[in-house]
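Listed below, chain by chain, are the residues.
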Amino acid sequence: MSSNHNISFNSARLEKVSADLFRTVRINKSFMAWMGFLGLGLAACLYAYYTQLRDGLVVTGLGDYTSWGMYIAHFVFFVATSLVGMLISSVLGLIGYKWIKPITRIAEIIAVAFAAVAGLVIISDMGRPDRLPYVFLFGRVQSPIFWDVTVVTTYFVLSLLLYYVTLIPDLAIGRTRLTGRPGFLVKAYDILSVRFSHNPLQYKILFRAIRILLVLIVPMAFAIHTVTSWLFAVNPRAGWDSTIFGPYFLSGAFVAGTAAVIIAMYFYRKNYRLSEYLTDDHFDKIGKLLFLVSLVYLYFNLNEYLVPAYKLKKFDAIHIRELFSGHYAVMFYFTQVAGLIIPLILLLLKPLRRPLPLTLISAVMVVAAWLKRYLIVVPAQEHPYLPIQFVPEKFVVYTPTITETAITIGSLLIVLIIITILSKLFPVVPVWEVAAEDDEKSKTSIS
Amino acid sequence: MGGTGASQEKGKKPDPEKILEQSRRDFLKRAGILGAVSATGAAAIYAGHHYEKSKGKDKMIKVLTEDNRLVEIPADQIADFKPDLKMLQARGREGIAGKRWVMILDLAKCRNARKCVEACQSAHQLRPYEYHINTLVMKESVNTQPYFMPKQCQHCDNPPCVSVCPVDATFKRQDGIVLIDNERCIGCRFCMAACPYSARIFHWQEPKELTASETDNPEYDVELNVPQKKGTISKCLFSADLLREGELPYCVTACPNGVFWFGDENEDAVTNGTTRETAVMSELLKNNAGYRLMPELGTEPRIYYLPPKNRLFEFQQPENPEFTI
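Here the structure is a predicted model, which is why all the values come from computation and not from measurement. (Residues numbered from 1 in each chain as written. Chains lettered and ligands numbered in written order. Predicted model: local features only at pLDDT ≥ 70, side-chain atom pairs only at ≥ 80, totals over all residues.)

Visitor: Which parts of the structure should I look at to understand the overall build of chain A?
Guide: Looking only at helices and strands, chain A features 19 helices and zero strands. In terms of C-alpha radius of gyration, chain A reaches 23 Å, essentially the compact-globule figure of 22 Å for 447 residues. Projecting the C-alpha coordinates of chain A onto the three principal axes gives extents of approximately 80 × 45 × 40 Å. With 447 residues in all, chain A has 46% of them scored as buried. Counted over contacts in chain A with a minimum sequence separation of 6, partners at least 24 positions apart contribute 84%. (Helix = DSSP H or I, 4+ residues; strand = E, 2+ residues; numbered from the N terminus. Rg over C-alpha atoms; globule rule 2.2 N^0.38 Å. Buried ≥ 20, exposed ≤ 12 C-beta atoms within 10 Å, placed from the backbone. Contact = placed C-beta atoms within 7 Å.)

Here's what the structure looks like:
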């Protein structure tokens, strides 16, 4: 974010940029059809959740030994993906990289949508969701769940604020340019733009607010995923009993989030015809970023798996064997090889950092990232210290049910609904930042 | 006595009446009739209210109040006291003062009769595969003999489950028992993830259908964890309800083979549930090389095991039962 408060626009450039970027802000038939599709899908998933409320968690594949399964893996994946807002906007933004400007809002949309729904995913795992208020009424500060609820909520609020504050100049630009759009949308722009009129003092306040938010988001993002990793690491169980879980989760989060942003970028570039703003160069640069975060994650994976595999302590050995050559071997090698090692090699090649190949690589990596969370959550519970005996077969091996899968997909549909609404009602690339960018380059002619 | 000692240290003159009252209270605690006292005490307060309206009308009777006063009330004003949920939860969280319950299991005696399992499941209204206590087949290595080990909540003094509970639904009492309040539990199952002994169960569906006699007393007692509830945790309670009555736990008395010893660490005495023989706890552990499960985890269990040596019977591999959920 620029520290130059005397932001000024070249009017021809502003007209072009706003025409291009506000073109996608409309409620058309394809939007309605897509929302209808998501809504129908969600209705089916909500029915699945209704059966869970009615019959209990027996509709899932969970049992007394593997008592956390797909829901918790999904929750970890959601929290992980939402961290990318912090990586791109805060870390790269505060360092001063200019190329991230067109993709900051995409990162924020991802952050807001995933952080918002992460809480719902946790509720779907609760045996007594009706007692959710107890977490606030009787909350104990010793419990990592209490920390998790606190920091996820705070991170969501901060991300939403960052999304909104950086949107204010765009709302002000847009309120006079939304001819032919529904009245409520124009009205909403008018109210939300809080009479912003692009004067230098307003920009000064705006930049200060953005800066404060960017700084605050960094520790909060570290906190949400570190605390999420502690939900596992504080338990005395082989497979979870690790001291590097915090940074291990954090580095994995950047991989999942960056890959998700790349997929979103590709979608907007194609469907919203924004190749002028989300250029090949942007894909090339974010491809390099994906390489960097994947390399860090690979390093943590080496530590997390090879050190226990060298020692082979009794219960660590059971866990490691399940992953390396047992029941979970296929999934494990998919996450490590297809999800990490091969992408690392491919990302070194410039032609593969072009939009389409990079998006395909990212899609594989997102799937691998989800499966990786499953591998962290589930296998560690299937081999407790004491033997599992004289119990139903269902308790011995965890297999997710269709109902459980539907509920899990349901939360993903809610994420897509939030992303769809945000990206259809507001520009997905910051108009004011992109329009002002060229001015800065030719500053001499203006000042 | 402790109270008087403290007041003397402060240099105050000890109040003779206070000493008298204090020693009487201690006597009553030792006698272990606090439960009965509180019940009659509450009845007395209730009755006292009515006494004002019908003075001198009836025969008088002496009762002890909750604060250990001996009072007289009309005999016909006495009503049975039935503790309500609030009171059951309050006393269930507090525990029994002065006690440190401890259990010793002699694995040399266990023949997998599974009577402990049945008695427990019947008392706590559980299905056959819902275990507070489960007899496991243990085998340390290929060259060692298998043996049976009844396994339940270890009532750790440093319980990982209690640390992680977000809502104080599971808690550690002063008498060493770890309990679960299923009126509070939100069903997050963090405690299950934290327990290294896999001692906890979850009600994935509606609990077992109850017989008419089991539904007689629908008030939830946190010391019995009955009635069980869908979407909440359950676990071994050391039969806290029986301990309050001064009796041994359900599993302890159900065992036909003399596996279970139960008692108070403060008294250094444990009683065998089968033979009713009482032994010195520390001697029993010393002479038989008593140990605890996974001491390296630092959980400090309140359950000790005596090793399965000199067994007077053949080990028989039990059949694996088929369960349908």
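So that's the structure; there's more coming.
Visitor: What should I look at first to understand the overall build of chain B in this one?
Guide: Scanning chain B for helices and strands turns up 10 helices and 13 strands. Scored against the burial criterion, the 325 residues of chain B give a buried share of 38%. In chain B, of all internal contacts separated by at least 6 residues, the share reaching a separation of at least 24 is 59%.

Visitor: I would appreciate a short explanation of the environment of Leu290 of chain A in the present structure.
Guide: All names here are of chain A. Looking at the secondary structure, you find Leu290 in helix 11 (residues 280-311). For Leu290, a count of 25 C-beta atoms within 10 Å puts it in the buried group. Leu290 sits 34 residues away from Ala256 along the chain, and the two C-alpha atoms are 9.2 Å apart. Every residue in contact with Leu290, bar those within four places of it in the chain, is listed here: Thr258, Ala259, Ile262 and Leu347.

Visitor: I'm lost on the interface of chain B and chain A in this one. Help?
Guide: Many authors give the size of an interface as the accessible area that is lost as the parts come together. Listed per partner, the contact involves 39 residues of chain B and 37 residues of chain A. The set of elements that each furnish at least two residues to the side of chain B that touches chain A consists of strand 4 (133-138), helix 6 (160-164), helix 7 (190-194) and strand 8 (201-202) of chain B. A total of four residues in the side of chain B that touches chain A trace back to one element, the largest contributor, which is helix 7 of chain B. Residues that form the side of chain B that touches chain A fall into these classes: 25 nonpolar, eight polar and six charged. (Nonpolar A, V, L, I, M, F, W, Y, C, P; charged D, E, K, R; others polar.)

Visitor: Honestly, the sheet that holds strand 3 (residues 101-106) of chain B in this entry has me stumped. Any pointers?
Guide: Consider a sheet: its strands pair through backbone hydrogen bonds, and that pairing is either parallel or antiparallel. Residue and element names in this part refer to chain B. On the basis of which strands lie adjacent, the open sheet formed by five strands has the order 12-11-10-3-13 and mixed pairing. Either end of the sheet is taken by a strand with one partner, and the two such strands are strand 12 (278-280) and strand 13 (303-306). For this sheet, the mean inter-axis angle between neighbouring strands, taken without regard to orientation, is 25°. Summarising the sheet, strand 3 and strand 13 pair through four bridges and their orientation is parallel. (Pairing = 2+ DSSP bridges. Axes fitted to C-alpha atoms, helices over the stretch in contact; angles between N-to-C directions.)

Visitor: Explain the nonpolar core here, please?
Guide: What tends to happen in soluble globular proteins is that the nonpolar side chains get buried as a cluster. All names here are of chain A. Of all hydrophobic cores here, the largest spans 196 residues; its most connected members are Val84, Ile106, Ile110, Ala118, Val261 and Ala369. Ranked by the residues each element gives to this core, the list is headed by helix 10 (residues 245-271), at 15 residues. When sequence neighbours within four positions are dropped, the list of residues in contact with Ile106 reads Val261, Ala264, Met265, Tyr268 and Val428. (Core = buried A, V, L, I, M, F, W, Y, C linked by C-beta atoms within 7 Å.)

Visitor: Help me out: how do you make sense of helix 9 (residues 200-233) of chain A in this one?
Guide: Residue and element names in this part refer to chain A. Here helix 9 contains 34 residues, and its C-alpha end-to-end distance of 49 Å stays within 8% of the 50 Å for a straight helix at 1.5 Å per residue. At Ile217, helix 9 shows its maximal bend, which comes to roughly 25°, and the proline Pro219 appears one to four places after that position. Considered for burial, the residues of helix 9 that qualify are Tyr203, Leu206, Leu214, Ile217, Ala221, Ile224, His225, Val227, Thr228, Ser229, Leu231 and Phe232. Along its buried surface, helix 9 packs onto helix 3 (70-82), helix 4 (84-95), helix 7 (144-174), helix 10 and helix 14 (355-377). (Expected span 1.5 Å × (residues − 1). Bend = angle between axes of the 7 residues up to and from the residue.)

Visitor: What exactly am I supposed to notice about the packing of helix 10 of chain A against helix 14 of chain A here?
Guide: Residues and elements named next belong to chain A. Where helix 10 meets helix 14, the closest approach of the two axes is 8 Å, and the angle between their N-to-C directions is 140°. Between helix 10 and helix 14, the interaxial angle falls into the category oblique. Read as a crossing pair, helix 10 and helix 14 show a hand that is left-handed. Contacts between helix 10 and helix 14 involve Gly252, Val255, Ala256, Ala259, Ala260, Ile262, Ile263, Tyr266 and Arg269 on the former and, on the latter, Pro355, Leu358, Thr359, Ser362, Ala363, Met365, Val366, Ala369 and Lys372. Considered class by class, the residues forming the contact of helix 10 with helix 14 number 13 nonpolar, three polar and two charged. (Parallel < 35°, antiparallel > 145°, perpendicular 65-115°, else oblique. Left-handed = near helix turned anticlockwise from the far one by under 90°.)

Visitor: What's the story with the confidence of the model for chain A in this structure? I'm lost.
Guide: For residues with low pLDDT, the predicted coordinates do not support detailed interpretation. The share of residues in chain A with pLDDT of 70 or more is 96%, and the mean pLDDT across the chain is 94. Low confidence marks residues 441-447 of chain A, where pLDDT is under 50. Its contacts with residues over four positions away, or in another chain, come to two contacts. (pLDDT = per-residue confidence, 0-100.)

Visitor: Whenever I open this one, the environment of Tyr385 of chain A confuses me. Can you help?
Guide: Tracing the sequence through the fold places Tyr385 of chain A in the loop between helix 15 (379-382) and helix 16 (393-396). C-alpha separation for the pair Tyr385 of chain A and Phe315 of chain A, spaced 70 residues apart in sequence, amounts to 7.2 Å. Residues within four places of Tyr385 of chain A in sequence aside, it is in contact with Phe315 of chain A together with Pro196 and Met294 of chain B.

Visitor: I would appreciate a short explanation of helix 1 (residues 11-22) of chain A in the present structure.
Guide: All names here are of chain A. Between its terminal C-alpha atoms helix 1 stretches 16 Å, which fits the 16 Å expected from 12 residues at 1.5 Å a residue. Val17, Ser18 and Leu21 are the residues of helix 1 that are buried. Seen from one end, helix 1 has its buried residues packed into an arc of 95°, which puts them on one side. Of the exposed residues in helix 1, those oriented more than 90 degrees away from the buried face are Ala12 and Ala19. (Arc of directions from axis to C-beta.)

Visitor: Sorry if this is basic, but what is going on with unusual backbone geometry here?
Guide: Trans peptide bonds make up the majority, and among non-glycine residues the majority have a negative phi. Residues and elements named next belong to chain B. A cis amide bond links Val226 to the next residue, Pro227, at an omega of 0°. Backbone geometry places Ser239, a non-glycine residue, at a positive phi of 50°. By the secondary structure assignment, Ser239 is in the loop between strand 9 (233-234) and helix 8 (240-244). Note on Ser239: 26 C-beta atoms within 10 Å, which makes it buried.

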